[in-house]
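Here are the chains, one letter per residue:
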Amino acid sequence: MKLPRIPPAVVIGGLFVALLVFPFIQRSQYYQHVMVMTMMAAVLASSWNILGGYAGYNSLGHAAFFGLGGYLVALAHNHFGWHPFISTWFLGLIVMVVALVLGWIALRTHGSAFVVATIAMVFIFRIVALNLADITNGARGLTQPRPGWGGVPWNPEIIKIPFHYAMLALLCLTIFVSWRVRQSKFGLGLIAIREDEGKAEAVGIDTMLYKVLAFGLSAYFAGVAGGLYSYFFTYIDPQFIFDIFTGVTMVLIAILGGRGTLWGPVLGAFIMEPLGNWVIGEFGGTQIHLAVFGGILLAVMLFMPQGILPTVSEFLKRRERAGS
């Protein structure tokens, strides 16, 4: 019996509606927190995918731009009173400019040298934040005022709902931009670079320009996410927000779901983030969740090297051809 095929637009629309109503159906503060963090993980993995998935350049240093966005928003909030829900979208442009400059330098390298260069960015930003104590408060970190919505005082019953919709808006924008990039001449150029950079140059693609623009664009969304993250927790410090594991997690999530695809990083985030929280809840604050992540990733690399989404998609296509 052949099952009816559900149009992708219906599935996407249904998932979007589910995310819209989630805070009002699930009133648990824990699950609301997990959903905000899951959507943030999807944003980070999707933003990394613009560079690492489409262009094939594996950056492990996007945590630097995530942390820079967090610090810019916290400083603007504390010193100028700029509301993070508004300022983060504009301050992300500063993150993008910084990324364009650093990308212009780092992308002159290839392979493992590029990976090392991006890792170095994280440690450089951390050292700068630690030493500019007059601005960043050094190792003590920065604290922001607790959120208040339109004069309404801080209330634990509603505190996470505005963050849910802010992160949902960012996720939708990130996916839309990633889709537009994938469908554009720019995206085709990035894929050509991933497949064979030498041939891409031979047919007239300005590979350096394409790579730098992809680097800056992906850093923008990481920076905006970092800004929302710093306000969500109301506290950041250099060790906490400039964490190399954040950059590694982006890569793992994208690989799990299917790097180079539009929905693979989103799928990976909605698997890994809730699973990680469940493991931590069950086994406490140990490093067992890292072992679980490693085991899942190893299984995917062995049995589904393209990631979950491309493998399942290919399986369904073969099954459909066999049934026709």
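Structure first, text after, so check above.
What comes next concerns the included structure.

On to the overall build of the protein. Of the regular secondary structure elements, the protein holds 15 helices and two strands. Taking 324 residues into account, the globule formula puts the C-alpha radius of gyration at 20 Å, and the protein, at 20 Å, falls close to it. Dimensions of the protein, computed from the C-alpha atoms along their principal axes, are close to 65 × 50 × 35 Å. A buried classification covers 47% of the 324 residues belonging to the protein.

With that settled, the discussion passes to the packing of aromatic side chains. What the rule picks out here adds up to 21 aromatic pairs. Residues Phe 186 and Tyr 210 carry aromatic rings whose centres are separated by 5.3 Å and whose planes lie at 55 degrees to one another, so their mutual orientation is tilted. Pair noted here: Phe 186 is in helix H8 (residues 185-195) and Tyr 210 is in helix H10 (residues 207-233), with a separation of 24 residues, a long-range link. Owing to a relative accessible area of 19%, Phe 186 belongs among the buried residues under this scheme. Relative to Phe 240, the ring of Phe 233 has its centre 6.3 Å away and its plane inclined at 75 degrees; by these criteria the two rings are edge-to-face. According to the relative accessible area criterion, Phe 233 is partly exposed, its value standing at 31%. Every member of this aromatic cluster is reached through a ring pair, and the members are Phe 66, Phe 85, Phe 163, Tyr 229, Tyr 231, Phe 232, Phe 233 and Phe 240. It is Arg 108 that lies over the ring of Trp 104; its NZ or CZ is 4.1 Å from the centre.

Before going further, it helps to spend a moment on helix H3 (residues 63-80). Under the 1.5 Å per step criterion, the end-to-end length of H3 is 25 Å for 18 residues, consistent within 8% with the ideal 26 Å. For H3, the tally of buried residues reaches 14 of 18 residues, placing the bulk of the element in the interior. Gly 81 sits one or two positions beyond H3 and adopts a positive phi of about 75 degrees.

Rules used throughout
- Residues numbered from 1 in each chain as written.
- Predicted model: local features only at pLDDT ≥ 70, side-chain atom pairs only at ≥ 80, totals over all residues.
- Heavy atoms only, no water.
- Helix = DSSP H or I, 4+ residues; strand = E, 2+ residues; numbered from the N terminus.
- Rg over C-alpha atoms; globule rule 2.2 N^0.38 Å.
- Buried < 20%, exposed > 50% of the residue type's maximum accessible area, 1.4 Å probe, protein only.
- Phe/Tyr/Trp six-rings, centres within 6.5 Å; stacked < 30°, edge-to-face > 60°.
- Lys NZ or Arg CZ within 6 Å of the ring centre and 35° of its normal.
- Expected span 1.5 Å × (residues − 1).

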